[in-house]
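# Overview (structure and organization)
Chain residues, written in single-letter form:
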Amino acid sequence: MKTWEYILLLLWFSLQLIPLQYYVATIGFQLERKGDDRGTYVSLFPIMYASAAIFAPVFGKIADRFGLGIAQGLANALSILSLVILSAPVAMVPLSVQVLSMACYGLGRMCVFGMFFSNIGKRFGYRYYGTMAGVGLIVSALVSLLQYPLIALAAGGSEGWVNLGCAAVLTVEGFPYCVWLHRRETSGCKPGK
């Protein structure tokens, strides 16, 4: 459990969750500020979010066929795209395009969780699966408390900058990790080596 690969997986998962938690906490008032006065798009969010589960087998197949690094990179990209679209002013992107942001969010979040648990099983085996998953969940829960200052900034009117900042962090942290993981997988390198 004390391998660099596991520590980097925890870092990836924990940092993914901060913007994912922030997104769900702020989507309502962000869409209202973009002109969703009647709540039409806000009402679509839970439907879009729940519908993402339909695609879980597709992401599982991607992980099986192309590797966890690719699947986790896809989850990372979807999370980034959701934040970038949400940050766009209505003058540049019509409110209706936020449906795409919600779809990316739902798919990205589902894939982040699915790939975290899949990674533990595929890369480390199942002997300590419960312990490793539990440690990951508690660490990510503690780290995700960082969402609250971000929510406060967004509530204060800086949501565009917060959205883009979160997307930048996911880009800088997420993609290098996913490339590194993909290279380890394709070279046959085992965790701890």
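Definitions and cut-offs
Just so you know, the residues in each chain are numbered from 1, in the order the chain's sequence is written. Local features in this predicted model are restricted to residues whose pLDDT is 70 or higher, and side-chain atom pairs enter the listing and the counts only when it is 80 or higher, whereas totals over whole chains, interfaces and linings include all residues. For side-chain calculations, the full set of non-hydrogen atoms in the structure is used, while hydrogens and water are omitted. Every case where a carboxyl oxygen of Asp or Glu lies within 4 Å of a side-chain nitrogen of Lys or Arg is listed as a salt bridge. Numbering goes from the N terminus for both helices and strands, where a helix is a DSSP run of H or I of at least four residues and a strand is a run of E of at least two. Here the term buried applies to any residue with accessible area under 20% of the maximum for its type, exposed to any over 50%, and partly exposed to those in between, with areas from a 1.4 Å probe on protein chains only. We call two residues contacting when some pair of their heavy atoms lies within 4.5 Å. Here is the rule: rings of Phe, Tyr and Trp (six-membered ring for Trp) pair when centre to centre is within 6.5 Å. Planes less than 30 degrees apart are stacked, more than 60 are edge-to-face, and the remainder are tilted. In plain words, nonpolar cores are sets of buried Ala, Val, Leu, Ile, Met, Phe, Trp, Tyr and Cys residues tied together by side-chain atoms within 4.5 Å. Under the convention used throughout, the expected extent of a helix is 1.5 Å for every residue step, that is, one less than its residue count. Arc definition: it is the arc formed by the directions from the helix axis to the C-beta atoms. Residue-level confidence of the predictor is summarised by pLDDT, bounded by 0 at the bottom and 100 at the top. Angles run from 0 to 180 degrees between N-to-C directions of axes, and those axes are lines fitted to C-alpha atoms, restricted for helices to the stretch in contact. By the definition adopted for this analysis, an angle is roughly parallel if under 35 degrees, roughly antiparallel if over 145, roughly perpendicular if from 65 to 115, and oblique otherwise. Left-handed describes a crossing whose near helix is turned anticlockwise from the far helix by less than a right angle; the clockwise case is right-handed. Ten residues, namely Ala, Val, Leu, Ile, Met, Phe, Trp, Tyr, Cys and Pro, are considered nonpolar, four, namely Asp, Glu, Lys and Arg, are considered charged, and the remaining ones, Gly among them, are considered polar.

### Here's the deal with the pattern of salt bridges
Applying the stated criterion to the full structure yields four salt bridges. Among the salt bridges present, the one from Arg33 reaches Glu159, with a minimum N-O distance of 2.7 Å. In this pair, Arg33 sits in helix 1 (residues 4–33) while Glu159 sits in helix 7 (residues 147–187), placing the two residues 126 residues apart along the sequence. Relative accessible area serves as the criterion here: at 42%, Arg33 is assigned to the partly exposed category.

### Some thoughts on the side chain of Arg123
For Arg123, the location among the structural elements is in helix 5 (residues 98–124). Those residues within four positions of Arg123 in sequence are excluded, and the remaining contacts are Glu5, Leu68, Leu181, Arg184, Glu185, Cys189, Lys190 and Pro191.

### Things to note about the packing of aromatic side chains
This model, assessed by the stated rule, comprises 12 aromatic pairs. Taking the centre distance of 5.9 Å and the plane angle of 10 degrees together, the rings of Phe45 and Tyr49 count as stacked. Of this pair, Phe45 and Tyr49 both sit in helix 2 (residues 40–51), four residues apart, which is roughly one turn of that helix. With relative accessibility at 7%, the residue Phe45 sits in the buried group. Overall, Tyr49 belongs to the partly exposed group, its relative accessible area being 36%. Every member of this aromatic cluster is reached through a ring pair, and the members are Phe13, Phe113, Phe116 and Phe117.

### Describing the nonpolar core
When a protein is soluble and globular, its nonpolar side chains tend to lie buried together. Of all hydrophobic cores here, the largest spans 45 residues; its most connected members are Trp12, Tyr22, Tyr23, Leu31, Phe59, Leu83 and Met115. Secondary-structure elements contributing two or more residues to this core are helix 1, helix 2, helix 3 (56–66), helix 4 (68–87), helix 5, helix 6 (129–143) and helix 7. Residues contacting Phe59, with those up to four places away along its chain left out, are Ala71, Leu74, Leu78, Leu107, Met110, Cys111 and Met115.

### Remarks on helix 6
Taking 1.5 Å of rise per residue, the 15 residues of helix 6 would be expected to cover 21 Å, and the 21 Å separating its terminal C-alpha atoms lies within 8% of that figure. Listing the buried residues of helix 6 in full gives Met132, Ala133, Gly136 and Ser140. Angular distribution of buried residues about the axis of helix 6 spans 95 degrees; they occupy a single face of the element. Facing away from the buried side of helix 6, by more than 90 degrees, are the exposed residues Gly130 and Leu142. Residues of helix 6 that are buried sit in contact with helix 1 and helix 5.

### Some remarks on helix 3
For helix 3, the set of buried residues is Phe59, Ile62 and Ala63. One side of helix 3 carries all its buried residues, which in axial view fall inside an arc of 95 degrees. Helix 3 presents Pro57, Lys61, Asp64 and Arg65 as exposed residues on the side facing more than 90 degrees away from its buried surface. Where the residues of helix 3 are buried, they touch helix 4 and helix 5. The positive-phi residue at the C-terminal boundary of helix 3 is Gly67, with phi of around 110 degrees.

### Quick notes on the confidence of the model for the protein chain
Scored by pLDDT, the protein chain comes out at a mean of 93, with 98% of its residues at no less than 70. Summarising per-element confidence for the protein chain, the mean pLDDT is lowest in helix 2 (92) and highest in helix 4 (96).

### Focus: the packing of helix 1 against helix 6
Direction vectors running N to C along helix 1 and helix 6 enclose 40 degrees, while the axes themselves pass 9 Å from each other. The orientation of helix 1 relative to helix 6 falls into the category oblique. When the axes of helix 1 and helix 6 are compared, the crossing they make is right-handed. Of helix 6, the residues touching helix 1 (which contributes Tyr6, Leu10, Phe13, Ser14, Leu17 and Ile18) are Met132, Val135, Gly136, Leu137, Val139, Ser140 and Val143. Along the lines of polarity and charge, the residues of the contact of helix 1 with helix 6 split into 10 nonpolar, three polar and no charged.

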